[in-house]
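Survey of secondary and tertiary structure
Residues per chain are reported as follows:
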Amino acid sequence: MAQKGRKRHVSITDVAQQAGVSITTVSHVLSGQRPVSAATTAKVRRVIAELGYEPNQLARGLRLQRTNTVALVIPDITNPFYPQIARGLQNVLGPAGLQVLVTSTDADPAVEDAAVQQMITRRVDGLAFAGYQTDHRRVSPAADVGIPVVLLGGRTTRPGIDVVSSDDVAGGEIAAGYLIERGYRRIAFITGAERAGAPANRVLGYRHALRDAARPFSAALVVREEISRDGGARAMERLLALRQAPDAVLCTNDVVALGALDAAKARGLSVPGDVAVMGFDDIEIAALTTPPLTTVSIRPLEQGEAIGRLLLGRLDGSAPRGAQRILFDPAVVRRDSA
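Since the model is a prediction, treat every value here as computed from it, not as a measurement. (Residues numbered from 1 in each chain as written. Predicted model: local features only at pLDDT ≥ 70, side-chain atom pairs only at ≥ 80, totals over all residues. Heavy atoms only, no water.)

Re the side chain of Arg202
Tracing the backbone shows Arg202 in helix H9 (residues 198-212). Among the polar contacts listed, one links the side chain of Arg202 to the side chain of Asp168, at a separation of 2.9 Å. Sequence-distant contacts of Arg202, that is, excluding residues within four places in its chain, are made with Ser166, Asp168, Gly172, Phe189, Thr252, Phe280, Asp281 and Ile298. (Helix = DSSP H or I, 4+ residues; strand = E, 2+ residues; numbered from the N terminus. Polar contact = N/O pair within 3.5 Å; in protein donor to acceptor, adjacent residues only side chain to side chain. Contact = heavy atoms within 4.5 Å.)

So, the sheet that holds strand S9 (residues 276-278)
Pairing within the open sheet is parallel, and its 4 strands lie in the order S7-S6-S8-S9. Every other strand in the sheet has two partners, leaving strand S7 (222-224) and S9 as the edge strands with one partner each. Within this sheet the neighbouring strands show an average axis-to-axis angle of 20 degrees, counted without direction. One ladder, built from 4 bridges, connects strand S6 (residues 187-191) with strand S8 (residues 248-251); its direction is parallel. Residue pairing across strands places Phe189 opposite Leu250, the latter belonging to S8. Contacts between helix H8 (residues 168-181) and the sheet are confined to S6, S8 and S9, with S8 contributing the most and set at about 165 degrees to the helix. Sitting on the sheet, helix H11 (residues 254-266) touches S6, S8 and S9, and the angle it makes with S9 is about 160 degrees. (Pairing = 2+ DSSP bridges. Axes fitted to C-alpha atoms, helices over the stretch in contact; angles between N-to-C directions.)

Brief notes about the pattern of salt bridges
Counting across every chain of the model gives 12 salt bridges. Of the charged contacts, one joins Arg202 and Asp168 as a salt bridge, the two residues approaching to 2.9 Å between their closest N and O atoms. Linking Arg202 in helix H9 with Asp168 in helix H8, this pair joins segments that are 34 residues apart in sequence. When its relative accessible area of 6% is taken as the criterion, Arg202 is described as buried. (Salt bridge = Lys/Arg side-chain N within 4 Å of Asp/Glu carboxyl O. Buried < 20%, exposed > 50% of the residue type's maximum accessible area, 1.4 Å probe, protein only.)

Re the nonpolar core
Leu179, Ile190, Tyr206, Met236, Val277 and Ile307 are the most contacted members of the largest nonpolar core, which totals 71 residues. Residues contacting Ile307, with those up to four places away along its chain left out, are Ile85, Leu89, Ala128, Val150, Leu152 and Val164. The next biggest cluster of nonpolar side chains, apart from the first, holds 17 residues, and it includes Ala71, Val139, Val149 and Val163. (Core = buried A, V, L, I, M, F, W, Y, C linked by side-chain atoms within 4.5 Å.)

What to know about helix H3 (residues 38-51)
With 14 residues, H3 should cover 20 Å at 1.5 Å per step; its first-to-last C-alpha distance of 20 Å lies within 8% of that length. Looking one or two residues past H3, Gly52 carries a phi angle of roughly 70 degrees, positive in sign. (Expected span 1.5 Å × (residues − 1).)

Overview of the sheet that holds strand S11 (residues 325-328)
Reading across the sheet, the 6 strands line up as S2-S1-S3-S4-S5-S11 and stay open at both edges, with parallel pairing between neighbours. Because the sheet does not close on itself, it has two edges, and the strands there are strand S2 (99-104) and S11. Along the sheet, successive strands turn relative to each other by an average axial angle of 15 degrees, direction set aside. Pairing of strand S4 (residues 149-152) with strand S5 (residues 161-166), which is carried by 4 bridges, proceeds in the parallel orientation. Looking at S5, one finds that Leu152 is bridged to Val164. Across the sheet, helix H12 (residues 300-316) is in contact with strand S1 (69-74), strand S3 (126-129), S4, S5 and S11; its angle to S5 comes to roughly 165 degrees.

Concerning the confidence of the model for the protein
Considering every residue of the protein, the mean pLDDT works out to 87; 91% of them sit at 70 or more. The low-confidence segment residues 1-7 (pLDDT under 50) makes 0 contacts with residues lying over four places distant or belonging to another chain. Note on residues 58-63: pLDDT under 50 across the span, and 7 contacts to partners over four residues away in sequence or across chains. (pLDDT = per-residue confidence, 0-100.)

A word on the side chain of Thr41
Turning to its location among the elements, Thr41 is positioned in helix H3. Judged by relative accessible area, which is 4%, Thr41 ranks as buried. A distance of 3.5 Å separates a polar side-chain atom of Thr41 from the backbone oxygen of Val36. The residues touching Thr41, leaving out its near neighbours within four places in the chain, are Val29, Val36 and Asp316.

Considerations on the pairing of S1
Taking burial as the measure, the 6 residues of S1 include 6 buried ones, the bulk of the element. Side chains Thr69, Ala71 and Val73 project from S1 onto one buried face, and the interleaved Val70, Leu72 and Ile74 project onto a second face that is buried too. Sheet topology places S1 next to S2; 6 bridges connect them, and they run parallel. Of the residues in S2, the one forming a bridge with Val70 is Val100. In this region the chain leaves S1, passes through helix H5 (residues 81-93) and returns to the parallel neighbour S2; the handedness of that crossover is right-handed. (Right-handed = clockwise from strand over helix to strand, strands pointing away.)

A word on the environment of Ile48
Along the polypeptide, Ile48 turns up in helix H3. Under the relative-accessibility criterion, Ile48 is labelled buried at 3%. When the C-alpha atoms of Ile48 and Val26 are compared, they prove to be 9.4 Å apart, with 22 residues separating the residues in sequence. Leave out the neighbours within four places in its chain, and Ile48 touches Val15, Leu30, Tyr53 and Pro95.

Comments concerning unusual backbone geometry
Outside of glycine, negative phi angles account for most residues, and trans bonds account for most peptide bonds. Looking along the chain, the bond that leaves Val271 and enters Pro272 is cis, with omega of 10 degrees. In this structure, Pro291 follows Thr290 across a cis peptide bond, with omega equal to -5 degrees. Here Pro291 shows up in the loop between S9 and strand S10 (295-297). A positive phi angle, close to 55 degrees, is found at Asp106, a residue other than glycine. Within the element layout of this structure, Asp106 appears in the loop between S2 and helix H6 (109-121). Take Asp106: its relative accessible area is 65%, and that puts it in the exposed class. Even without being a glycine, Asp282 presents a positive backbone phi close to 60 degrees. The topology assignment puts Asp282 in the loop between S9 and S10. Given the relative accessible area of 23%, Asp282 is considered partly exposed.

So, in structure tokens, the structure goes:
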């Protein structure tokens, strides 16, 4: 006699009946060994999630020589932007029976290279890679052995390496444009030390906005520092010490902007009365600062979900052969700091 209250086991037959497809089709969706249309794949995955179906992952992994794991390599686990990426990735991969392994590299190229090699050794089924320098050569060893790869940011035309990115040049342009439209005259930019990747592209957009508004560019107003809260505070101190201090400061991300707010507060300055501060990314804490931070949203949760869909497409064989790129348009989130 079955025990009262015991959760009924959901079988592959239940999934097939609910989705209106054959057991074989469900098996193909799970294994990725046979092509299934995108619409049918989506329907089967939705039913799997609704019913809570849990296939025997160990047996299936041994049979298919898969580990049912996907790696997410990020530069800074303390930056709330990246946990949002991980959450979005898990939202998509979890219902498909895939686990996400997260490793943080502190943006150290040697650590990034070692992380990629480690994930190859662990035989992960897919790799999502985020670095301050979005160079596809760093992840090429994984692609060389047939591991599907998605880069967060950058560009690539190499088969087997897809890209999910925000339009960082446009982001820098609309952020600076927002400040210009509100009458700020001396706009500074706090960015990272690297002259490539998302921070560099945001500075490029900032320069475009200045040019379009017939504003002069001053190299003294672009401060390069460690991309961290402490780095943002140090950079802000340098800017405020200038003979002609800025009346607005654009930061390469919200964590840096928090440091800029710290430095302004330490000097007893009013934000935005004495100096405006604007960030980038729209992490959750941006709405909770004093004052709430004006920033640029690039939808990290949705970017993580897009990465997950690209990896699943590679694993189930439904993706096109060529490299794919999904671009997210940035949008200003107006709050009180600028």
